[in-house]
Amino acid sequence: MRNDKDNLIVKLTFEFALKIIAYSEEIRQTNRFEMASQIFRSGTSIGANIKEAQNAESRADFIHKFKIAAKEADELNYWLMLCEKSEFYPNPKEELLKELHAINLIVSKIISSSKKA
């Protein structure tokens, strides 16, 4: 299932992961290492799973990897909501939350389209 041409969701999630790295480093500077690690892991895992899906062995494997990416995105959303509501963490930028929402929509659409194909 390998496809080496430009891939929007791979590019989006890679760029998003870079922003997540920066945000987790901002949290680390407040000595909140546990939250920074959770955000780093779930936020970078989205793109890693989508990238891995590009080498899927079957359609079912492709869908499975995208479902894992969707779960990681949901987990990241939870951590970002905690940061947003807690007085102890820097608020995530609105842009970060909007990008996560857009990625969620695209991932959901890819999953549903792949199931129909």
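1. Remarks on the side chain of serine 24
Inference 1: Its location among the elements puts serine 24 in helix α1 (residues 8-28).
Inference 2: Looking at serine 24, the relative accessible area reads 1%, which means it is buried.
Inference 3: Apart from residues lying up to four places away in sequence, serine 24 is in contact with Ala36, Ile39 and Phe40.

2. What about the nonpolar core?
Inference 1: Counting residues in hydrophobic clusters, the biggest one holds 29 residues, and the most contacted among them are Ile39 and Ile46.
Inference 2: Of the residues forming this core, the biggest block, ten residues, is contributed by helix α3 (residues 59-85).
Inference 3: Setting aside residues up to four positions removed in sequence, isoleucine 46 forms contacts with Thr13, Phe16, Ala69, Glu72, Ala73, Leu76, Leu100 and Ile103.

3. Structural notes on the packing of α1 against helix α4 (residues 94-116)
Inference 1: The contact between α1 and α4 brings their axes to 11 Å, and the two run at 150°. In the packing of α1 onto α4, the handedness of the crossing is left-handed. Contacts from Ile9, Leu12, Thr13, Phe16, Lys19, Ile20 and Tyr23 in α1 reach Glu95, Leu96, Glu99, Leu100, Ile103, Ile106, Val107 and Ile110 in α4.
Inference 2: Its residues placed into classes, the contact of α1 with α4 shows eleven nonpolar, one polar and three charged.

4. Some thoughts on the packing of α3 against α4
Inference 1: Their axes nearest at 10 Å, the elements α3 and α4 cross at an angle of 155°. Taken together, the axis directions place α3 and α4 in an arrangement best described as roughly antiparallel. For α3 against α4, the interelement crossing comes out left-handed. Of α4, the residues touching α3 (which contributes Arg59, Phe62, Ile63, Phe66, Lys67, Ala70, Ala73, Asp74, Leu76, Asn77, Leu80 and Glu84) are Leu96, Leu97, Leu100, Asn104, Val107, Ile110, Ile111, Ser114 and Lys115.
Inference 2: Its residues placed into classes, the contact of α3 with α4 shows 13 nonpolar, three polar and five charged.

5. Concerning the pattern of salt bridges
Inference 1: Under the counting rule described, the total for this entry stands at six salt bridges.
Inference 2: Two residues, lysine 93 and glutamate 26, come together in a salt bridge whose shortest N-O distance is 3.9 Å. Placement of the pair is lysine 93 in the loop between α3 and α4 and glutamate 26 in helix α1, with a sequence separation of 67 residues.
Inference 3: Taking the relative accessible area as the measure of exposure, lysine 93 reaches 53% and is therefore exposed.
Inference 4: Assessed through its relative accessible area of 31%, glutamate 26 is described here as partly exposed.
Inference 5: With a shortest N-O distance of 3.7 Å, glutamate 52 and lysine 65 are connected by a salt bridge. In this pair, glutamate 52 is assigned in helix α2 (residues 33-53) and lysine 65 in helix α3, connecting sequence segments 13 residues apart.
Inference 6: With relative accessibility at 43%, the residue glutamate 52 sits in the partly exposed group.
Inference 7: When salt bridges that share partners are traced, they join Lys19, Glu95 and Glu99 into one network.

What counts, and where the lines are drawn
- Residues numbered from 1 in each chain as written.
- Predicted model: local features only at pLDDT ≥ 70, side-chain atom pairs only at ≥ 80, totals over all residues.
- Heavy atoms only, no water.
- Helix = DSSP H or I, 4+ residues; strand = E, 2+ residues; numbered from the N terminus.
- Buried < 20%, exposed > 50% of the residue type's maximum accessible area, 1.4 Å probe, protein only.
- Contact = heavy atoms within 4.5 Å.
- Core = buried A, V, L, I, M, F, W, Y, C linked by side-chain atoms within 4.5 Å.
- Axes fitted to C-alpha atoms, helices over the stretch in contact; angles between N-to-C directions.
- Left-handed = near helix turned anticlockwise from the far one by under 90°.
- Nonpolar A, V, L, I, M, F, W, Y, C, P; charged D, E, K, R; others polar.
- Parallel < 35°, antiparallel > 145°, perpendicular 65-115°, else oblique.
- Salt bridge = Lys/Arg side-chain N within 4 Å of Asp/Glu carboxyl O.

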